[in-house]
Amino acid sequence: MNKVKKRIFYFFSFAALLVLFLFTNSCSNDLDVLFPEWSYSPPTTPLNADQRSRMEGIYTVENGSDQFGSTVILQWTTKQKNYLSVYTGKNFGYMVLQGGNLGDTTVYVQGFWRYQSNAKTGLTQLQMIQGTDYVLNGTGNSEITFTGTWGNGQGNGANRVVFKYQRPIKQELLDNKYYRISHHGSGGGPEYLPQTENTQEICRIIERYGANAIEIDVRISADGVPYMYHDNTLNPRLIQKGSLVGESENYTYKELNTFVRLIHGERIPKLDDILKTIVEESTLEFVYVDCKPSAINNLSGIASIVMKWDSIGNNTPGRDSIQIYMAITSDDLFNAFLQLPNYQDIPTICELTTSDVEQMDANVWSPRWTEGTQNSDVASIQAQGRQAICWTVDIPGFMQEYLYNGIFNGMLTDYPHLLAYYYYGQ
Amino acid sequence: MRQIYRPLKFLIFFIFIFSLNNEIVFAQNIDKSTIEFPDAMQPYNWRLSLGYASIKMPTDVYLEAASARFPLIKFAAVMGLPSNFLLEGKINTELVTNQFVLGARWVYNIDENLHMGLGYSIAFLYGQLKQFNYDSKISGWFSYPSAALGYDFGNLALTFRGGFSFINSLQSTSGSTTVDFAIARGNGLYYRITIEQRFYKTTTVGIGFQMNYVKFYYPEWLMFPTFDRYYWIPELQIMFSI
């Protein structure tokens, strides 16, 4: 091969590889998730408890089933009384709507629908056209019908939707304590919800997304402060561009609080702050404090904060009971935990074996879901007066199997709204 | 660049290997020693290759505290058939994840240097893990129709192949429960660019870059992804004929 051809050859092969490399760097997996908002909301009055109760239930989708499935479940959020959650079940879908009594003539709600698996979303609104007397005054026909519209993205849609009341949610399902535990307050990724996982902000709103419980992740900073963060490192999945890199445990809490902004702009909270928010600003019933490896540096600190807020939560007038547990997730943490004085008095979850659960006298056993429903082991644990939770179940078929044929007391999931759909639809 | 791919260090390594060998290989023609290049073979002759792929999973599927991961080893075999057909088989394995591919290609010489090929493969996926708190399995069937265009530079062969990925069936089992696991039937597409040249004596080295634009990427099954969206997932591949 002569010299010219050789040079062409070299140039071509290296250029081809370089172009490819640069091209593929432009192929981003980032997802731009829209959170659409209505520009105008008519003034409404929140419904009272009886009115909300009469309206909640299973509805048939008479128009819009291609989008939302054949049945949906309507449930009001307890704490924020004017928020209505609609669990649609199809394509991991749901609605979060806001509204109430409109001029004593109807019930009107508006908000957005979303498919959680790919973040398709749009505005939606519903108005009660039948059954208003029954809902607002407890009189007349209980045949409730909503009609409304849905669209795609930020635009007002013209797609029609009709929900017709079928039946109430079974009372035993409402009374039973089955925990739909939001996996670190994430909808699969921090960009899928309007607030970032493991923050006070997400704890305030996660019930609108079907959760009645939450799992949060605690680490220990360089100066011994328990703080909330899931990943091993400060990375683009969870934080905005900033000056701190590497493991979050390398920094003091003041440095993390000052220099780190999470994806939606929040600051990293302390364990004490997030539990305060959960107890005082939500009606979440169960809190799973997942101890990450660095928790070994201040297990007693975590335990005292957990016990403090568990006590406050269960002695706050007007607040329903709450269970707050610290979760022991590894052999190292297990051995360190057994060294704590009076460890039997600390409310705990154990992710290890059933014999470890007994040895540390944990309140809850929490195995990984990939080992199956394990009904005999779960029954054995429950017979000891303990509870059992599995983690983290996201696949619809497994979620249904574990709910209908398993005997767990709850389930960690990234899709609590889907679990609510399956649970309340029984 | 928002992301620095780990394969960058492999890219530099590969360019270095190419540079070292170029003086030797210019004396040796690439004919009759390629795997990817759409080149007709003598009927019932075989060519085999063994390789490795470095892959980068999307972070919202992989997270950081993910399941056990293993390197992706690739074994390929191509056999010539009459009338410009080739029969190819592949085994892609990560130990806990195994994909067995069988397919056929038809190749055609547009001119002395420019060749084309059309192909269709079916693949069986089987994965199993019974350690680390897993009692999980996966199995399924995939289809990969493809087309390829290649240019023979004499001492080097450059092949561009593109194709689609379809999930015919996919099931996941944990404990005693089995569920349908297919996120979608139309799974997406891929393209691959491969450069093959003589490495040493009769051994050929091939460096390939494959970009997958898919919803479900089979090595990630242990993360049980549920996202109904497409991901760009790059693979940097190196293979040696054996």
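Residues numbered from 1 in each chain as written. Chains lettered and ligands numbered in written order. Predicted model: local features only at pLDDT ≥ 70, side-chain atom pairs only at ≥ 80, totals over all residues.

## Observations regarding the packing of helix 8 (residues 271-281) of chain A against helix 9 (residues 299-313) of chain A
All names here are of chain A. Where helix 8 meets helix 9, the closest approach of the two axes is 10 Å, and the angle between their N-to-C directions is 15°. Here helix 8 lies roughly parallel to helix 9, going by the angle between them. Judged by the twist between their axes, the crossing of helix 8 over helix 9 is right-handed. When helix 8 is examined against helix 9, the residues Leu 271, Asp 272, Leu 275, Lys 276 and Val 279 are found in contact with a partner set consisting of Ile 302, Ile 305, Trp 309, Ile 312 and Gly 313. Here the residues of the contact of helix 8 with helix 9 are counted per class, giving seven nonpolar, one polar and two charged. (Axes fitted to C-alpha atoms, helices over the stretch in contact; angles between N-to-C directions. Helix = DSSP H or I, 4+ residues; strand = E, 2+ residues; numbered from the N terminus. Parallel < 35°, antiparallel > 145°, perpendicular 65-115°, else oblique. Left-handed = near helix turned anticlockwise from the far one by under 90°. Contact = placed C-beta atoms within 7 Å. Nonpolar A, V, L, I, M, F, W, Y, C, P; charged D, E, K, R; others polar.)

## Examining the domain arrangement of chain A
All names here are of chain A. By the assigned domains, chain A splits into domain 1 (49-168) and domain 2 (173-424). Using C-alpha coordinates to define each centre, domain 1 is positioned 30 Å away from domain 2. The interface of domain 1 with domain 2 comprises 14 residues on the first partner and 15 residues on the second. Of all the elements in the fold, those that place two or more residues in the side of domain 1 that touches domain 2 are strand 2 (71-76), strand 3 (83-87) and strand 4 (93-102). If you tally residues by element for the side of domain 1 that touches domain 2, the top one is strand 3, at three residues. Residues of the side of domain 1 that touches domain 2, tallied by class, amount to seven nonpolar, six polar and one charged. (Domains from an automatic or database assignment.)

## A word on the sheet that holds strand 6 (residues 120-130) of chain A
Residues and elements named next belong to chain A. Strands sit in the order 1-2-3-4-5-6-7-8 around a closed barrel of eight strands; the barrel is antiparallel. For this sheet, the mean inter-axis angle between neighbouring strands, taken without regard to orientation, is 30°. In this structure, strand 6 lies alongside strand 7 (residues 145-150), joined through six bridges in antiparallel fashion. Residue pairing in the sheet places Thr 124 in a bridge with Trp 150 of strand 7. (Pairing = 2+ DSSP bridges.)

## A look at the pairing of strand 7 (residues 156-174) of chain B
Residues and elements named next belong to chain B. Direction of pairing for strand 6 (residues 136-152) relative to strand 7: antiparallel, over a ladder of 15 bridges. In the strand pairing of strand 7, Asp 152 is matched with Ala 157. What sits between the antiparallel neighbours strand 6 and strand 7 is a turn of three residues, in which Gly 154 has the positive phi angle 100°. With 11 bridges joining them, strand 7 and strand 9 (residues 186-200) adopt antiparallel strand pairing.

## A short note on the nonpolar core
Grouped burial of nonpolar side chains is what soluble globular proteins tend to show. Residues and elements named next belong to chain A. Counting residues in each nonpolar core, the largest one holds 137 residues, and the members touching the most others are Ile 181, Val 287, Val 289, Ile 302 and Ile 389. Split by domain, this core shows at least three residues from each of two domains, domain 1 (49-168) and domain 2 (173-424). Non-local contacts of Ile 389, meaning those with residues more than four positions away in its chain, are made with Tyr 179, Ile 181, Val 364, Ser 366, Phe 408, Asn 409, Gly 410, Met 411 and Leu 412. (Core = buried A, V, L, I, M, F, W, Y, C linked by C-beta atoms within 7 Å. Buried ≥ 20, exposed ≤ 12 C-beta atoms within 10 Å, placed from the backbone.)

## As for the confidence of the model for chain B
Detailed reading of predicted coordinates is not advised where the pLDDT is low. All names here are of chain B. Mean pLDDT over chain B stands at 85; residues scoring 70 or higher make up 84%. Per-residue pLDDT stays below 50 along residues 1-7; that stretch engages in 11 contacts with residues further than four places along the chain or on separate chains. Segment residues 19-27 is flagged for pLDDT under 50; beyond a separation of four residues in sequence, or across chains, it makes six contacts in the model. (pLDDT = per-residue confidence, 0-100.)

## Observations concerning the packing of helix 13 (residues 396-404) of chain A against helix 14 (residues 416-424) of chain A
Residue and element names in this part refer to chain A. At their nearest, the axes of helix 13 and helix 14 sit 10 Å apart, and the two run at 45° to each other. Put simply, helix 13 runs oblique to helix 14. Crossing angle aside, the handedness with which helix 13 passes helix 14 is right-handed. Mapping the contact onto sequence places Pro 396, Met 399, Gln 400 and Leu 403 in helix 13 and Leu 418, Leu 419, Tyr 422 and Tyr 423 in helix 14. In terms of residue class, the contact of helix 13 with helix 14 is built from seven nonpolar, one polar and no charged.

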